[in-house]
Amino acid sequence: MSACYLRAPSQALESEWIAATETEKKAMMSIDCASAASLCREFGVISYPALRFFDGHGKMTPYRGPRRASSILSYIKRAARPSVTNLKNEKIQAFESSDDYVVVARINSQDAHIKTAYNTLASQYQDRLSFGSAETTSATTVSCFNNQDSQQFTISDLTAIDALPKLIESCLTPVIGEFTRANEMKYLQSGKSLVFYFAPSSADRDAYVDAMRSVAKMYKEYLEFVTVDTDEYGDLAAPLGLAPGKFPALSVQNPMYGQVFPYPRSKKITAELVGGFLMDIVQGKVQPWDGTTVSADDESGSTHDEL
């Protein structure tokens, strides 16, 4: 069993990969596709960076999860287990908190078709969630635990063919997501306003998510909160009324009306102050950006891969 990182120079994933290899030194290796182009083509790599998992039995699987050391390590542990873990009742609670995203099915023996569908789904999503199954004499239920955001989703009506996939997608949707080229249209077409937080370090973005989670949950019906890696997508700041190179920074966009509300740089970015800023926008106390200048306190400002 091993994971392989196929790369080109100066990719943002490098630091996360190095952090992961410090924990799993024997199971991980890196290949420079600039000097081993034929090998990368053999692995089906078209763009960089890319991750491939080898199970030791001839099977290769692309990794498309979050570009974080913790997520990569969690995936390696997941991939080494069966796609569905058989659970005894006394083990269920511990399993529910064993990963960032966990699915537990309690299946009645009469619902063999649901068990088949569940096992198929588990094989498709094993790279992102841990799946467990237990027998029950009651009605069949499936629960998904988003332990990052302390959310639980449970369904018992499994008659619809897309009931299980919808449950998984709802569970996987973070309260505060990461905005990338791959998912930008999903966010822009959500019908909600977007709250962008720009920062160059993953530690800073993680701290923001932890601090802002309660506010994001409060406004989740109307707003999508996202973080932006400025090393990769810093060019998105200027169209949102932010001074280039002046990070961390925050801005609110209403795609439906084409309005942008840059958060004042003179204010600290805290849950309380951002919550107040959002309420001021709702109440019409903040005018949208005119599209030509940054705010007065910003005037000192400076200047797609597979995953």
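This report concerns the structure included in the present document.

Points about the packing of aromatic side chains
Item 1. Here the structure, examined in full by the defined rule, presents ten aromatic pairs.
Item 2. Relative to Phe-131, the ring of Tyr-118 lies with its centre 5.7 Å away and its plane at 70°, an arrangement referred to as edge-to-face. Linking Tyr-118 in helix α5 (residues 112-125) with Phe-131 in strand β7 (residues 130-136), this pair joins segments that are 13 residues apart in sequence.
Item 3. We classify Tyr-118 as buried; its relative accessible area is 0%.

Side note on the side chain of Asp-99
Item 1. Note on placement: Asp-99 falls in the loop between α4 (89-96) and β6 (101-108).
Item 2. Look at Asp-99 and you get buried, because its relative accessible area is 10%.
Item 3. A distance of 2.6 Å separates the side chain of Asp-99 from the side chain of Arg-78, its partner in a polar contact.
Item 4. Excluding residues within four positions of it along the chain, Asp-99 makes contact with Ser-74, Arg-78, Leu-129, Ser-130 and Asn-147.

Some remarks on unusual backbone geometry
Item 1. Each neighbour pair has its own omega, and for Phe-247 with Pro-248 the value is 5°, a cis peptide bond.
Item 2. The backbone of Ser-150 shows a phi angle near 55°, a positive value even though the residue is not glycine.
Item 3. Examined against the element boundaries, Ser-150 turns out to sit in the loop between β8 (141-146) and β9 (151-155).

Description of the packing of helix α8 (residues 202-218) against helix α10 (residues 271-282)
Item 1. Their axes nearest at 9 Å, the elements α8 and α10 cross at an angle of 35°. Crossing hand, α8 versus α10: right-handed. Of the residues in α10, those in contact with Ala-211, Met-212 and Val-215 of α8 are Ala-271, Val-274, Gly-275 and Leu-278.

Thoughts on the sheet that holds strand β12 (residues 223-229)
Item 1. What the five strands build is an open sheet, ordered β10-β12-β11-β13-β14; its pairing is mixed. In this open sheet, the two edge strands, each paired with only one partner strand, are β10 (176-178) and β14 (259-262). The mean angle between the axes of side-by-side strands here comes to 25°, regardless of whether they run parallel or antiparallel.
Item 2. Where strand β13 (residues 249-254) lies against β14, four bridges are found, and the strand directions are antiparallel. Note that in β14 the partner of Gln-253 across the bridge is Val-260.
Item 3. Seen against the sheet, α8 touches β10, β11 (193-199), β12 and β13 and runs at an angle of roughly 175° to β12.

A short note on the sheet that holds β7
Item 1. With mixed pairing, the five strands of this open sheet are ordered in space as β5-β7-β6-β8-β9. If you trace the sheet from one side to the other, it starts and ends with β5 (85-86) and β9, each paired once.
Item 2. Running at roughly 165° to β7, α5 makes contact with β6, β7 and β8 of the sheet.
Item 3. The strands touched by helix α6 (residues 163-172) are β6, β7, β8 and β9; relative to β9, the strand with the most contacts, the crossing angle is about 175°.

Re the pattern of salt bridges
Here the idea is simple: oppositely charged side chains can pair when their charged atoms come close.
Item 1. Scanning the model with the defined rule gives nine salt bridges in all.
Item 2. Across the pair Lys-166 and Asp-162 runs a salt bridge, and its minimum N-O distance is 3.3 Å.
Item 3. Between Arg-205 and Asp-229 there is a salt bridge; the shortest N-O distance is 3.6 Å. Separated by 24 residues along the polypeptide, Arg-205 in helix α8 and Asp-229 in strand β12 bring together distant segments of the chain.
Item 4. Asp-229 gets classed as buried once you look at its relative accessible area, which sits at 7%.
Item 5. Here the salt bridges share partners, and the residues they tie into one network are Asp-149, Asp-210 and Arg-213.

Cut-off values and rules
- Residues numbered from 1 in each chain as written.
- Predicted model: local features only at pLDDT ≥ 70, side-chain atom pairs only at ≥ 80, totals over all residues.
- Heavy atoms only, no water.
- Phe/Tyr/Trp six-rings, centres within 6.5 Å; stacked < 30°, edge-to-face > 60°.
- Helix = DSSP H or I, 4+ residues; strand = E, 2+ residues; numbered from the N terminus.
- Buried < 20%, exposed > 50% of the residue type's maximum accessible area, 1.4 Å probe, protein only.
- Polar contact = N/O pair within 3.5 Å; in protein donor to acceptor, adjacent residues only side chain to side chain.
- Contact = heavy atoms within 4.5 Å.
- Axes fitted to C-alpha atoms, helices over the stretch in contact; angles between N-to-C directions.
- Left-handed = near helix turned anticlockwise from the far one by under 90°.
- Pairing = 2+ DSSP bridges.
- Salt bridge = Lys/Arg side-chain N within 4 Å of Asp/Glu carboxyl O.

Keep in mind these numbers describe shape, not what the thing actually does.
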